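Residues per chain, in single letters:
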Amino acid sequence: NDASDTYVAWSWKANGGSTSTNNDGAIQSTVQANTAAGFSIVTYTGSGSASTVGHGLGGVPEVMIIKNRSGGHSWAGFYHHRMAVTAAASATDYLSLDGTSTLVDDSTIWNDTAPTSTVFTVGTASNTGSSANFIGYFFRSITGYSRCGSYLGNSQNDGSFIYLGFRPTWVLIKTASSSGDN
């Protein structure tokens, strides 16, 4: 919050801001969901052990972004269903949104378990499952509204063409195979 720095904020509100209690997982969560748009906002308190948490998304999450709200932790709880060669391997990997590291293999983040249509699994890491308060943002592709995918750069000045089927309002790009900020 330095006076000379420029900041940006992205904010989401689902279901008119109305929340509901979700008991689908071992840990109770509070969910704001817009299943027609393919996103949900989840808050929960970790148990300190590997556990499942309900996400209320109405389908399998393709992107999960988890933030520990109890301390000065990084945004290292980032899951994408195509970060690895197979979807099953994605459950072992994570990226840090506010760091420059490449894809990290760590079973303590997602407990090496892929999300389902009702729950996601957290391990014991301070970024996803420790005894702390968390917020999570969950996304899945909905035709004409959102698209969660990956692409391979081509080293050309005009870059790779990625067809979404609609004109996006917001795009998040993060490199997974080499160190860098984006």
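Residues take numbers from 1 onward in each chain, read along the sequence in its written order. This being a predicted model, a pLDDT of at least 70 is required before a residue's local features are given, and a value of 80 or more before pairs of side-chain atoms are given or counted; all residues contribute to the totals for chains, interfaces and linings. The basis for every side-chain value is the complete set of non-hydrogen atoms in the structure, without hydrogens or water.

Examining the packing of aromatic side chains
Spelled out, the test is: To pair, rings of Phe, Tyr and Trp, with the six-membered ring standing in for Trp, must have centres within 6.5 Å; the planes then decide the type, stacked if under 30 degrees apart, edge-to-face if over 60, and tilted in the middle. We count a stretch as a helix when DSSP gives it H or I for four or more residues in a row; a strand needs E for two or more, and each element gets its number in order from the N terminus. The buried label applies to any residue whose accessible area, calculated with a 1.4 Å probe on protein chains only, is under 20% of its type's maximum; exposed applies above 50%, and partly exposed to all values in between.
The final tally for this structure, using the stated rule, is 5 aromatic pairs. Here the aromatic rings of Phe39 and Phe139 are separated by 6.3 Å at their centres, their planes lie at 20°, and the arrangement is stacked. Here Phe39, found in strand 3 (residues 39-45), pairs with Phe139, found in strand 10 (residues 133-139); they are 100 residues apart in sequence, far enough to count as distant. For the pair Phe39 and Phe139, one class covers both residues: buried. Where Phe120 meets Phe138, the ring centres are 4.8 Å apart and the plane angle is 45°; that geometry is what we call tilted. Separated by 18 residues along the polypeptide, Phe120 in strand 9 (residues 119-122) and Phe138 in strand 10 bring together distant segments of the chain. Per residue, the accessibility class of Phe120 equals that of Phe138, and both read buried.

Here we look at the layout of surface pockets
This is how it is decided: For each structure, a 1 Å grid was placed over the protein atoms alone; sets of points admitting a 1.4 Å probe that cannot get out are labelled cavities, open sets with protein on both sides within 12 Å along at least five of seven lines are labelled pockets, and lining residues have an atom within 4 Å of a point. Grid points are joined across faces, edges and corners, and a volume is the space filled by probe spheres set on the points. Gly is put with the polar residues, along with every residue not named as nonpolar or charged; the nonpolar set is Ala, Val, Leu, Ile, Met, Phe, Trp, Tyr, Cys and Pro, and the charged set is Asp, Glu, Lys and Arg.
There is about 1400 Å³ of room inside the largest pocket. At the level of secondary structure, the elements contributing two or more residues to the lining of the largest pocket comprise strand 5 (63-68) and strand 6 (77-80). Partitioning the lining of the largest pocket into residue classes produces 25 nonpolar, 10 polar and 3 charged.

Section: the sheet that holds strand 2 (residues 29-34)
The condition is simple: A pair of strands counts as paired when DSSP detects no fewer than two bridges linking them. Orientation is described by lines fitted to C-alpha atoms, with helices fitted over the stretch in contact, and by angles between N-to-C directions that extend from 0 to 180 degrees.
The strand order 1-2-3-10-5-6 describes an open sheet built from 6 strands, whose pairing is antiparallel. Of all the strands in the sheet, the pair left with one neighbour each is strand 1 (20-22) and strand 6. Along the sheet, successive strands turn relative to each other by an average axial angle of 20°, direction set aside. Strand direction decides the pairing type here: strand 3 and strand 10, joined by 7 bridges, are antiparallel. Looking across to strand 10, one finds that Thr45 is bridged to Asn133.

Focus on a nonpolar patch on the surface
To keep things clear, this is the line we draw: Only residues whose relative accessible area exceeds 30% and that form no salt bridge enter a patch; like-charged residues are grouped when within 9 Å of one another, and nonpolar side chains (Val, Leu, Ile, Met, Phe, Trp, Tyr) when within 5 Å. Computed by Shrake-Rupley with a 1.4 Å probe, the accessible areas treat only the displayed protein chains as cover when residues are assessed. In the sections that follow, a salt bridge refers to a side-chain nitrogen of Lys or Arg positioned within 4 Å of a carboxyl oxygen of Asp or Glu.
A contiguous nonpolar patch, built from Val8, Trp10, Trp170 and Leu172 and spanning about 420 Å² of accessible area, is present on the exposed surface. Residue placement: Trp170 occurs in the segment after strand 10.

Here we look at the pairing of strand 5
Burial runs high along strand 5: 6 of the 6 residues are buried. Residues of strand 5 alternate between two faces, with Val63, Ile65 and Lys67 on one and Met64, Ile66 and Asn68 on the opposite face, all of them buried. Bridge count for strand 5 against strand 6 is 4 bridges, and the pairing is antiparallel. Following the sheet pairing, Val63 is matched in strand 6 by His80. The pairing of strand 5 with strand 10 spans 6 bridges and is classified as antiparallel. Residue pairing across strands places Ile66 opposite Gly136, the latter belonging to strand 10.

Focus: the nonpolar core
Note the cut-off: Grouping buried Ala, Val, Leu, Ile, Met, Phe, Trp, Tyr and Cys residues that are joined through side-chain atoms within 4.5 Å yields what is termed a nonpolar core.
Formed by 19 residues in total, the largest nonpolar core has its most connected members in Tyr44, Ile66, Trp110, Phe120 and Phe138. When contributions to this core are tallied by element, the ones reaching two or more residues are strand 3, strand 5, helix 2 (107-110), strand 9 and strand 10.

Concerning the pairing of strand 2
Working note: regular strand, side chains alternate between the two faces of the sheet. By the bridge criterion, 3 bridges tie strand 1 to strand 2 in an arrangement that is antiparallel. Its bridge partner being in strand 2, Asn22 is matched across the sheet by Ser29. If you look at the hairpin formed by strand 1 and strand 2, you'll find 6 residues sitting between the two strands. Examined bridge by bridge, strand 2 and strand 3 share 6 bridges and lie antiparallel to one another. If you follow Gln32 over to strand 3, its bridge partner there is Ile41. Hairpin connection of strand 2 to strand 3: 4 residues between the antiparallel strands, including Gly38 at a positive phi of 80°.

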